[in-house]
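Each chain is listed here by its residues.
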Amino acid sequence: MANALLRRAPFVDTILTNPPFLNRLRTLTAVDAELAAQLKARLGNTVGPYTDVSVVFLLDCLNAAARRVGIVLPASACATRDAEAARAACPPPSFAWTLPTGCFA
């Protein structure tokens, strides 16, 4: 079975996605050292040691979409130190729409 994170997304006009959310600090969903090294080799300095996998999806979408990217991401994944390069890679106009705290409780 192939890992979609290790392949470039096909070039398209617009992408709308809700990627899987994995906790890098939990054993069952943590990215192992081999996958982390492969992501770093493919995406360079835009991927840090604790970059959330959903942010990797964002980077792939930005590279694959000619016009627009709409992606559901937790604010916590985007606010981390290791997401800084991904935030910088977002072309203008970039905006964030947030939901009130507790709306999914």
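Cut-off values and rules
Residues numbered from 1 in each chain as written. Predicted model: local features only at pLDDT ≥ 70, side-chain atom pairs only at ≥ 80, totals over all residues. Heavy atoms only, no water. Helix = DSSP H or I, 4+ residues; strand = E, 2+ residues; numbered from the N terminus. pLDDT = per-residue confidence, 0-100. Axes fitted to C-alpha atoms, helices over the stretch in contact; angles between N-to-C directions. Parallel < 35°, antiparallel > 145°, perpendicular 65-115°, else oblique. Left-handed = near helix turned anticlockwise from the far one by under 90°. Contact = heavy atoms within 4.5 Å.

Enquirer: I'm lost on the environment of Thr80 in this one. Help?
Expert: In this fold, Thr80 is placed in the loop between helix H3 (75-78) and helix H4 (84-89). Between the alpha carbons of Thr80 and Asp52 there is a distance of 8.8 Å; along the sequence they are 28 residues apart.

Enquirer: What's the story with the confidence of the model for the chain in this structure? I'm lost.
Expert: Any segment with low pLDDT has predicted coordinates that should not be analysed in fine detail. Residues with a pLDDT of 70 or more make up 77% of the chain, whose mean pLDDT is 76. The spread of mean pLDDT over the elements of the chain runs between H3, the lowest at 76, and strand E2 (residues 65-71), the highest at 83.

Enquirer: Sorry if this is basic, but what is going on with the packing of helix H1 (residues 33-43) against helix H2 (residues 53-64) here?
Expert: Two quantities define a packed helix pair, namely the angle between the axes and the distance from one axis to the other. Running from N to C, H1 and H2 point in directions that differ by 25°, and their axes come no closer than 12 Å. Viewed along their axes, H1 and H2 adopt a mutual orientation that is roughly parallel. Crossing handedness for the pair H1 and H2: left-handed. Between H1, through Leu39, Arg42 and Leu43, and H2, the contact on the second element is made entirely by Val56, Leu59, Asp60 and Asn63.

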